[in-house]
Amino acid sequence: MLKFIGKRLLMLIPVLIGITLVVQLLLEVTPGDPAKLMLGMNATPERVAALREELGLNDPFLVRYGRYIWNLCHGDLGNSFMTGRPVFSEMIQRFPYTLVLVCISLFLSVVFGIPLGVFASTHQHTWKDNLAMFAALFCVSMPAFWFALMLIQRFAVKWRLLPLSGIASWKGWVLPCVALALGFTATITRQTRSNMLEVIRQDYITTARAKGVSEVTIKYRHALKNAVTPVIMVVGGMFGMMLGGALISETIFSIPGLGQYTMQALNSRDYPVIQSSVLVLSLLFAIVILLVDIIFALIDPRIRSQYISKRQKEARTDQKKEDQEKGAAHSEGR
Amino acid sequence: MSEELLEIKDLRIEYHTDESVIHAVNGIDLSVKKGQTLGLVGETGAGKTTIAKSILRILPGLQAKILSGEIRFEGKDLLSVSEREMRKIRGNKIAMIFQDPMTALNPIETIGFQISETLKIHNKLTKKEARKKACEMLELVGIPSYRYDEYPHQFSGGMKQRVVIAIGLACNPELLLADEPTTALDVTIQAQVLEMMAELKEKLDTSVILITHDLGVVANFCDSVAVAYAGEIVERGTVEQIFDHVAHPYTEGLFASLPRLDRRERRLKPIKGLMPDPAALPEGCSFCDRCPYAEERCFKTKPADVELEPGHIVKCFRVAGGE
């Protein structure tokens with residue numbers, strides 16, 4: 001298992017290099033000149049040219065890319081074009097906000113989505129299921145920013161229960177997290193329900209019932225544990241989507257997170273910031289996917305057995321032989 | 001000794017689908033004596049599994065409807081006890097072995113857990129005691145107990161069926177419903193498993209309802225036989241009564257369709273035709289379309305049960321015709 005994790009982490013290196021290359025290429029073909037944007041409309045061409053030279057924008061593509069990678073290998077993410085401050089320290093400051101937002105939203109989606117999915121599946125063909133599915137469809141269909149605006153309108157403007165924006169206290173986190181979580185909760189609910197419907201028709205569920213297992217245990221131990229693996233995969237994928245969705249939530253609720261930072265950088269063509277943000281987000285995503293694979297293996301022994309290294313397998317059979325010999329000796333002793 | 005352990009009276013079950021109503025079980029009577037084995041024979045779709053599942057009340061709740069009937073087990077009507085009480089009976093007093101060992105085990109739990117789970121539910125055992133008892137059960141069905149912590153995918157089909165049997169027998173049930181326990185296995189393993197079941201039955205003094213379509217198995221392992229056809233029991237009696245004095249044309253056909261080694265025959269003799277559509281059963285005898293002896297009355301009215309000898313009951317006009 002450890003070997004597997006190590007292998008996967010090593011595989012991250014080419015992936016990340018690929019990502020930097022793609023981002024660099026995309027920035028190359030994106031119209032807009034950071035120097036012009038920085039200096040404003042009235043800047044003279046000479047000043048723009050001077051700034052371009054200073055920022056190293058006039059060098060050929062490969063030279064710029066090589067320089068970027070070189071700096072990256074030395075742990076230097078560069079300085080922001082706009083503020084001149086090092087990107088790394090800025091990101092360290094903003095990163096926790098995004099992480100908190102995404103983690104809380106994800107937590108909410110899982111905590112509400114999975115039980116709701118189980119509930120819907122075990123009440124199939126009844127109005128309860130229909131209602132849950134209708135609500136889920138609605139939440140999946142509406143974009144997160146619409147929820148954000150509607151929630152602000154109700155809870156912040158009309159009833160004045162929660163702050164309009166900002167995160168001065170815990171109250172400030174409620175609306176952004178809920179707005180982000182609603183759509184994902186619905187996706188998890190639908191996913192859980194369809195998997196559960198598949199699993200509760202399986203023979204081993206009937207076996208469990210014939211053993212006298214209570215319905216609750218059947219639902220949550222026997223059925224859900226089998227149904228949950230595809231849901232976890234979805235949750236992993238969602239994490240990436242949420243990092244993207246956080247951008248909108250952060251902008252609307254003015255949370256000084258990574259998403260907002262990236263958004264500003266995109267508008268001003270702040271290349272080092274854009275590159276670093278994408279890099280960090282994809283690194284995070286890759287780690288989450290790895291985590292998903294590990295959770296898979298923990299739940300499903302069939303997957304786990306693929307990861308066990310040869311040496312461990314040999315050790316296991318040795319153990320078995322020993323046991324057998326012990327057993328044989330024991331019975332002889334009698 | 002001849003005390004009835006289980007008695008089913010006039011059981012009727014329907015399945016409701018979107019398009020039609022399927023008459024799966026149509027007024028059957030059955031009884032099993034203590035310590036005896038009843039063979040329930042019949043072709044696919046005759047309602048055998050439905051009968052077994054209805055005894056445990058594990059039919060799919062939304063589609064299946066039990067219309068009428070009584071299932072008396074140790075004096076209690078299982079169809080009217082509460083769900084809670086039923087749970088105490090399931091796996092404890094009445095256990096079931098399922099047809100397909102490949103799918104009957106939960107793929108992501110250890111077999112040890114699956115055996116000890118039923119022990120923990122029905123007996124107040126600590127984890128350690130349950131583990132010990134489950135290991136004993138494994139040894140009993142011929143699986144070394146060190147495999148307790150292994151998963152179903154690490155076992156072969158025959159071994160899985162042994163695990164399923166171990167689950168069924170774990171709590172020492174009074175009645176074991178074995179739903180084609182050997183159908184999914186190849187012939188050599190079949191013999192092993194059946195032999196083991198017979199041995200265990202002796203040892204634990206369990207009554208068994210053995211659902212099968214293998215008459216050879218019935219002859220070897222059962223005390224009495226019930227032949228199911230289109231949701232009815234067309235003939236029942238002791239093994240001797242059925243095998244030596246076949247009365248119902250369907251049972252006759254079943255025997256005739258067996259390959260015989262003592263005669264040189266080139267072809268098997270199947271029963272012509274198919275079982276009637278359970279959604280549209282004929283008005284008269286359900287076997288009339290395929291029966292070589294069918295008369296006019298067979299198509300119009302249903303034949304009633306006729307008791308030829310004590311215990312040998314047949315649903316056919318032909319045997320009653322002598323009156």
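All figures in this text were calculated on a predicted structure; none of them were measured in a lab. (Residues numbered from 1 in each chain as written. Chains lettered and ligands numbered in written order. Predicted model: local features only at pLDDT ≥ 70, side-chain atom pairs only at ≥ 80, totals over all residues. Heavy atoms only, no water.)

## Observations regarding the overall build of chain A
Each helix and strand counted, chain A has 14 helices and 0 strands in total. Each helix and strand of chain A, placed in order from N terminus to C terminus, yields the pattern α-α-α-α-α-α-α-α-α-α-α-α-α-α. The C-alpha radius of gyration computed for chain A amounts to 26 Å, which surpasses the reference 20 Å derived for 334 residues by more than 25%, pointing to a less compact arrangement than a globule. Overall, the C-alpha framework of chain A stretches about 100 × 55 × 35 Å when taken along its three principal axes. Out of the 334 residues belonging to chain A, those deemed buried represent 41%. Here the analysis covers contacts within chain A between residues at least 6 apart in sequence; of these, 74% occur between residues at least 24 apart. (Helix = DSSP H or I, 4+ residues; strand = E, 2+ residues; numbered from the N terminus. Rg over C-alpha atoms; globule rule 2.2 N^0.38 Å. Buried < 20%, exposed > 50% of the residue type's maximum accessible area, 1.4 Å probe, protein only. Contact = heavy atoms within 4.5 Å.)

## Notes on the sheet that holds strand β2 (residues 21-33) of chain B
Residue and element names in this part refer to chain B. Read across the open sheet, the 4 strands follow the order β2-β1-β4-β5; overall the sheet is antiparallel. The open sheet has two edge strands, β2 and β5 (76-77), and neither has a second partner. Both strand β1 (residues 4-16) and β2 contribute to a ladder of 10 bridges, which runs antiparallel. Each bridged residue has a counterpart across the sheet, and for Glu14 the counterpart in β2 is His23. In the packing of helix α1 (residues 48-56) onto the sheet, contacts are made with β1, β2 and β4 (64-73), and the angle to β1 comes to roughly 110 degrees. (Pairing = 2+ DSSP bridges. Axes fitted to C-alpha atoms, helices over the stretch in contact; angles between N-to-C directions.)

## What about the packing of aromatic side chains?
Applying the stated criterion across every chain, the model contains 11 aromatic pairs over all chains. Both rings, one in Tyr97 of chain A and one in Trp173 of chain A, keep their centres 6.5 Å apart while their planes meet at 20 degrees; by these two values the pair is stacked. Here the residue Tyr97 of chain A occupies a position in helix α5 (residues 87-122), and Trp173 of chain A occupies one in helix α8 (residues 171-199), the gap between them amounting to 76 residues. Its relative accessible area of 16% is what places Trp173 of chain A among the buried residues. Geometrically, the ring pair formed by Tyr229 of chain B and Tyr250 of chain B is tilted, given 4.5 Å between the ring centres and 50 degrees between the ring planes. (Phe/Tyr/Trp six-rings, centres within 6.5 Å; stacked < 30°, edge-to-face > 60°.)

## A closer look at the pairing of strand β8 (residues 207-212) of chain B
All names here are of chain B. Burial analysis of β8 places 6 of its 6 residues in the buried class, which makes it a mostly covered element. The alternating pattern of β8 places Ser207, Ile209 and Ile211 on one face and Val208, Leu210 and Thr212 on the opposite face, and all of these are buried. As judged from the 5 bridges shared by strand β3 (residues 37-41) and β8, these two strands associate in the parallel manner. Looking at β8, one finds that Thr37 is bridged to Val208. Pairing of strand β7 (residues 175-179) with β8, which is carried by 5 bridges, proceeds in the parallel orientation.

## Brief notes about the state of the cysteines
Summed over the entire model, instances satisfying the criterion amount to 0 disulfides over all chains. No disulfide involves Cys285 of chain B; its sulfur sits 5.8 Å from that of Cys288 of chain B, the nearest cysteine. (Disulfide = S-S within 2.5 Å.)

## Comments concerning helix α10 (residues 215-252) of chain A
Side chains that are three or four residues apart share a direction in an α-helix, a result of its 3.6 residues per turn. Residues and elements named next belong to chain A. For α10, which comprises 38 residues, the first-to-last C-alpha distance of 44 Å sits more than 12% below the rise-based estimate of 56 Å (1.5 Å per residue). Taken as a whole, α10 carries its principal kink of about 55 degrees at Leu224. In the segment just after α10, Ser254 is the residue with positive phi, at about 40 degrees. (Expected span 1.5 Å × (residues − 1). Bend = angle between axes of the 7 residues up to and from the residue.)

## Digging into the packing of α5 of chain A against helix α12 (residues 271-299) of chain A
All names here are of chain A. Contact geometry of α5 with α12 gives a least axis separation of 11 Å together with a crossing angle of 45 degrees. In terms of axis orientation, α5 runs oblique to α12. Considering only the axes of α5 and α12, their crossing is right-handed. Between α5 and α12, the residues in contact are Val87, Met91, Phe95 and Leu99 and Pro272, Val273, Ser276, Ser277, Val280 and Leu284, respectively. When its residues are assigned to classes, the contact of α5 with α12 shows 8 nonpolar, 2 polar and no charged. (Parallel < 35°, antiparallel > 145°, perpendicular 65-115°, else oblique. Left-handed = near helix turned anticlockwise from the far one by under 90°. Nonpolar A, V, L, I, M, F, W, Y, C, P; charged D, E, K, R; others polar.)

## Structural notes on the pairing of β7 of chain B
Residues and elements named next belong to chain B. Extensive coverage of β7 is indicated by the burial of 5 of its 5 residues. By the alternation rule, side chains of β7 split into Leu175, Leu177 and Asp179 and Leu176 and Ala178, which are all buried. Relative to β7, strand β6 (residues 94-97) runs parallel, the two sharing 4 bridges. From the neighbouring strand, Ala95 faces β7, where its bridge partner is Leu176. With respect to chirality, the unit in which β7 leads through helix α7 (residues 187-204) into the neighbouring parallel β8 is right-handed. (Right-handed = clockwise from strand over helix to strand, strands pointing away.)

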